[in-house]
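Observations on chain architecture
Here are the chains, one letter per residue:
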Amino acid sequence: MCFTPLVSLFTAILEFVVATVILLFCRKSLINKFFALLIYILGFYQFTEFMLCTSSYPFFWAKMGFITYSFLPAVGLHFVMRLTKRKFEYNILYFVPVIFSVMALLKQDFIIESVCTTFFVIVHKNIPPLLVDIYGAYYFGFILLFCYLLLNSLRKEKDDLKRKEYAVIFAATTISLLPPVILFIIFPAFKIIFPSVYCQFALLFTIAAIIACYLDNKIQNKK
């Protein structure tokens, strides 16, 4: 929750609007579609936090939140691999988040605590240690891989505008993927309560996405 449920809802609405504007007015390239998708995902996550704090079904919305941010690394890596022209069977990237999503939906006691306080959202999940390790490896592994691909492309790229685009994409995708690692994986593992500040990261990502889409439009217009 972004300090109050209404701020979470406002953030979600803002992101839905921005993503829709990107789709409507920036239709030329792959990058705009993927950024819009990532913003929709972040917006829906904010909506799940709003519903967690205001509805009578906090466990259900806690599950929806977990499922939502579980897909971020797969979507991010899919985007970067397409952007850097890596040929791959992209469906494989979604195997881990789909498995964990199915487990979250079917496992009755997947969420064992879901509490919304003034500054904190507390969600405790019932996941076997081995699966926690697999989930963490998935998150860290995909982040490291997409960082490597982007930085490698940035190093080899000669066009200055394209280099700026890669740099903004790197910053934007890192902003969207690192918070879950810190807030939902590392801190809970050490029994540290975390402030739910994902909306600030989501807004930073939205700003970076707008800049990246603007640069990409300039690149497309040069062609």
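**Notes on the nonpolar core**
- Among the nonpolar cores identified, the biggest contains 58 residues, and Phe35, Phe66, Phe79, Ile169 and Phe205 are the most heavily contacted of them.
- Secondary-structure elements contributing two or more residues to this core are α1 (5–25), α2 (30–54), α3 (58–70), α4 (72–83), α5 (95–106), α6 (129–156), α7 (160–189) and α8 (198–222).
- Among the elements that line this core, the one with the most residues is α2, at twelve residues.
- Once you skip the residues sitting within four places of it in the chain, Phe35 turns out to touch Phe79, Ile169, Ala172, Phe205, Ala209, Ala212 and Cys213.

**What to know about the packing of aromatic side chains**
- Evaluated as defined, the whole model comprises 18 aromatic pairs.
- Judged by centre distance (5.8 Å) and plane angle (70°), the ring pair of Tyr138 and Tyr139 falls under edge-to-face.
- The exposure class assigned to Tyr138 is buried, which follows from its relative accessible area of 3%.

**Some thoughts on the confidence of the model for the protein**
- Across the protein, pLDDT averages 78, with 75% of residues at or above 70.
- Per-element confidence in the protein is highest for α5, whose mean pLDDT is 94, and lowest for α7, whose mean pLDDT is 65.
- Per-residue pLDDT stays below 50 along residues 189–195; that stretch engages in twelve contacts with residues further than four places along the chain or on separate chains.

**Description of the packing of α3 against α5**
- One way to put it is that α3 packs onto α5 with a least axis distance of 9 Å and a crossing angle of 175°. Between α3 and α5, the interaxial angle falls into the category roughly antiparallel. Residues Lys63, Met64, Phe66, Ile67 and Ser70 of α3 form the contact with α5, whose participating residues are Pro97, Phe100, Ser101, Ala104 and Leu105.
- For the contact of α3 with α5, the per-class residue count stands at seven nonpolar, two polar and one charged.

**Regarding the packing of α5 against α6**
- Direction vectors running N to C along α5 and α6 enclose 140°, while the axes themselves pass 11 Å from each other. The pairing of α5 with α6 is recorded here as oblique in orientation. Where α5 crosses over α6, the two elements pack in a sense that is left-handed. Contact residues: Val96, Pro97, Phe100 and Met103 in α5; Leu131, Ile134, Tyr135 and Tyr138 in α6.

**Comments concerning the environment of Tyr40**
- Mapped onto the secondary structure, Tyr40 falls in helix α2.
- With a relative accessible area of 27%, Tyr40 lands in the partly exposed category.
- Tyr40 sits 21 residues away from Ala19 along the chain, and the two C-alpha atoms are 6.2 Å apart.
- Contacts of Tyr40, omitting those with residues within four sequence positions, involve Phe16, Ala19, Thr20 and Leu23.

Parameters at a glance
Residues numbered from 1 in each chain as written. Predicted model: local features only at pLDDT ≥ 70, side-chain atom pairs only at ≥ 80, totals over all residues. Heavy atoms only, no water. Core = buried A, V, L, I, M, F, W, Y, C linked by side-chain atoms within 4.5 Å. Buried < 20%, exposed > 50% of the residue type's maximum accessible area, 1.4 Å probe, protein only. Helix = DSSP H or I, 4+ residues; strand = E, 2+ residues; numbered from the N terminus. Contact = heavy atoms within 4.5 Å. Phe/Tyr/Trp six-rings, centres within 6.5 Å; stacked < 30°, edge-to-face > 60°. pLDDT = per-residue confidence, 0-100. Axes fitted to C-alpha atoms, helices over the stretch in contact; angles between N-to-C directions. Parallel < 35°, antiparallel > 145°, perpendicular 65-115°, else oblique. Nonpolar A, V, L, I, M, F, W, Y, C, P; charged D, E, K, R; others polar. Left-handed = near helix turned anticlockwise from the far one by under 90°.

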